[in-house]
Amino acid sequence: DEPFECPTFCPKAFCDCAEADGDAEVCAPELHDVCTRDLLSECVPDKYLPFYEETYCPFARCLAVEETPYELCSCEYYKDYCVLYYSFEESMEKCAISECCGREADATKFTCLPALEPTESPTVSPTATFPPSAHPTATTSPTATMGPTSTHSPTFAPSETTSPT
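Residues numbered from 1 in each chain as written. Predicted model: local features only at pLDDT ≥ 70, side-chain atom pairs only at ≥ 80, totals over all residues. Heavy atoms only, no water.

Enquirer: What exactly am I supposed to notice about the state of the cysteines here?
Expert: Each disulfide is one covalent bond, formed between the sulfur atoms of two cysteines. This model, assessed by the stated rule, comprises 8 disulfides. What pairs with C100 in a disulfide is C112, and their sulfur atoms sit 2.0 Å apart. Disulfide C100 to C112: torsion about the S-S bond roughly -70°, handedness left-handed. Residue C100 is located in helix 6 (residues 91-103), and its partner C112 is located in the segment after helix 6; the two are separated by 12 residues in the primary sequence. Comparing C100 with C112 shows no difference in burial state: the two are buried. (Disulfide = S-S within 2.5 Å. Helix = DSSP H or I, 4+ residues; strand = E, 2+ residues; numbered from the N terminus. Buried < 20%, exposed > 50% of the residue type's maximum accessible area, 1.4 Å probe, protein only.)

Quick look at the structure:
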């Protein structure tokens, strides 16, 4: 493995945060700065640009500027991901999370997020994360339903839908 090297025109603060932690929540202020200063193309390979612009930049704005709680921003992230990548196989799990978030009150949306589900010994700062795929894979065979049917909600049974909400 080659050592990480910050691209020449990418802000050092963003590179330092990404290298040290790599967590979109922790690096939200730096990522938002990169997004708003139109420096994303200097920091991210071209093939990832649309994904960052359509999912990570709004997530960073939600946290860093709007100062919305993490779980609410995460639910919006999954909603954006589901809408944008609905036809890709990897979106099914994200759409199920988005559906769950849509059914829950703000105070209980955390139950929909894989890294924030209640456990036998919850922590104040859960560390498990499930990063999204930057390259969704198109399904090659048709599915039996018009949309995702699984849910990660611990209190609701799965339900069929015809389109994401």
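Enquirer: Looking at this structure, how should I read the packing of aromatic side chains?
Expert: Aromatic ring pairs: the centre-centre distance and the angle between the two ring planes describe each pair. Scanning the entire structure with this criterion turns up 11 aromatic pairs. Here Y52 and Y56 contribute two aromatic rings whose centre-to-centre distance is 4.9 Å and whose plane-to-plane angle is 50°, an arrangement assigned as tilted. Within this pair, Y52 and its partner Y56 are both found in helix 4 (residues 49-64), separated by 4 residues, close to a single helical turn. Aromatic side chains Y77 and Y81 sit 6.2 Å apart centroid to centroid with 45° between the ring planes, which places their arrangement in the tilted category. Remark: Y81 and Y77 occur in helix 5 (residues 70-84); sequence separation between them is 4 residues, near one turn of the helix. Of the two residues, Y77 and Y81, neither departs from the other in class, the shared state being buried. An aromatic cluster is present here, built from F51, Y52, Y56, F59, Y70, Y77, Y78, Y81 and Y85 joined pairwise through their rings. The ring of Y81 has K94 sitting right over it, with the charged end atom 5.4 Å from the ring centre. (Phe/Tyr/Trp six-rings, centres within 6.5 Å; stacked < 30°, edge-to-face > 60°. Lys NZ or Arg CZ within 6 Å of the ring centre and 35° of its normal.)

Enquirer: What should I look at first to understand helix 2 (residues 28-36) in this one?
Expert: Quick reminder: α-helices carry 3.6 residues per turn. Residues three or four places apart thus point the same way. Of the positions making up helix 2, those classed as buried are A28, L31, H32, V34 and C35. Looking down the long axis of helix 2, one finds its buried residues gathered within 160° of arc, a one-sided arrangement. Buried residues in helix 2 make contact with helix 1 (12-20), helix 3 (40-43) and helix 4. Directly after helix 2, the chain includes D38, whose backbone phi takes a positive value near 55°. (Arc of directions from axis to C-beta. Contact = heavy atoms within 4.5 Å.)

Enquirer: I tried to follow the environment of F14 on my own but got confused; where do I start?
Expert: Considering the arrangement of structural elements, one finds F14 in helix 1. Placed 14 residues apart in sequence, F14 and A28 show a C-alpha to C-alpha distance of 9.2 Å. Setting aside its immediate chain neighbours within four residues, F14 contacts E30, L31, V34 and C43.

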